[in-house]
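Coordinates in review
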Amino acid sequence: PESRTRRCLERCFPFWFPRKRHPGDMNAELQIDVEVLPKEDADADPLEHNVQFSDLHLNRFTWRSAVTRPTKTLKLLIGPTLTLRVFLVMRWVLPVLACIIIALLVVLLTYYVLATVAELT
């Protein structure tokens, strides 16, 4: 049984509490590139058994991919869980802070206007 405080915090700040995942949600993604060669070309340059024939991190991170796919780049750099938390903070905390800043600016502007009017009279 969870406490009421924890449930309230989970509802108010869901990005700080990881959700329970089902086995179907934890699927991996595998990307492969296949190059089909004619038999003559393949026989001319055969591969040895159990030898790594390409760089594992080839084209994994380039500046072009970082610029064109910033979400995937962020996920690659900081991981999927922290990426989710960053996006949730951006979606909820930053707009609230913007509203607070705008409200403070309105209060300061009102104070300035009232002080200026009181000074003129």
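Residues numbered from 1 in each chain as written. Predicted model: local features only at pLDDT ≥ 70, side-chain atom pairs only at ≥ 80, totals over all residues. Heavy atoms only, no water.

Attention shifts here to the packing of helix H4 (residues 70-78) against helix H5 (residues 80-120). Between two packed helices, what matters for the description is the angle formed by their axes and the separation of those axes. Closest axis-to-axis distance for the H4/H5 pair is 7 Å, and the angle between their directions is 125°. The angle between the axes of H4 and H5 places the two elements in the oblique class. Crossing hand, H4 versus H5: right-handed. Where H4 abuts H5, its residues Thr71, Leu74, Lys75 and Ile78 lie against Pro80, Leu82, Thr83, Val86 and Phe87. Split by residue class, the contact of H4 with H5 holds 6 nonpolar, 2 polar and 1 charged. (Axes fitted to C-alpha atoms, helices over the stretch in contact; angles between N-to-C directions. Helix = DSSP H or I, 4+ residues; strand = E, 2+ residues; numbered from the N terminus. Parallel < 35°, antiparallel > 145°, perpendicular 65-115°, else oblique. Left-handed = near helix turned anticlockwise from the far one by under 90°. Contact = heavy atoms within 4.5 Å. Nonpolar A, V, L, I, M, F, W, Y, C, P; charged D, E, K, R; others polar.)

Before going further, it helps to spend a moment on the pattern of salt bridges. Considering all chains together, one arrives at 2 salt bridges under this definition. Between Arg6 and Glu10 there is a salt bridge, with its nearest N and O atoms 3.1 Å apart. On the criterion of helical spacing, the pair formed by Arg6 and Glu10 is a turn pair, its members being 4 residues apart in helix H1 (residues 4-12). Judged by its relative accessible area of 40%, Arg6 falls in the partly exposed class. Across the pair Lys39 and Asp43 runs a salt bridge whose closest N-O atoms are separated by 3.2 Å. Here the residue Lys39 and the residue Asp43 both occupy positions in helix H2 (residues 39-44), the gap between them amounting to 4 residues, near one helical turn. (Salt bridge = Lys/Arg side-chain N within 4 Å of Asp/Glu carboxyl O. Buried < 20%, exposed > 50% of the residue type's maximum accessible area, 1.4 Å probe, protein only.)

Mean pLDDT for the chain: 82, with 89% of residues reaching 70 or above. When the elements of the chain are averaged for pLDDT, helix H3 (residues 63-68) gives the smallest value, 82, and H5 the largest, 90. (pLDDT = per-residue confidence, 0-100.)

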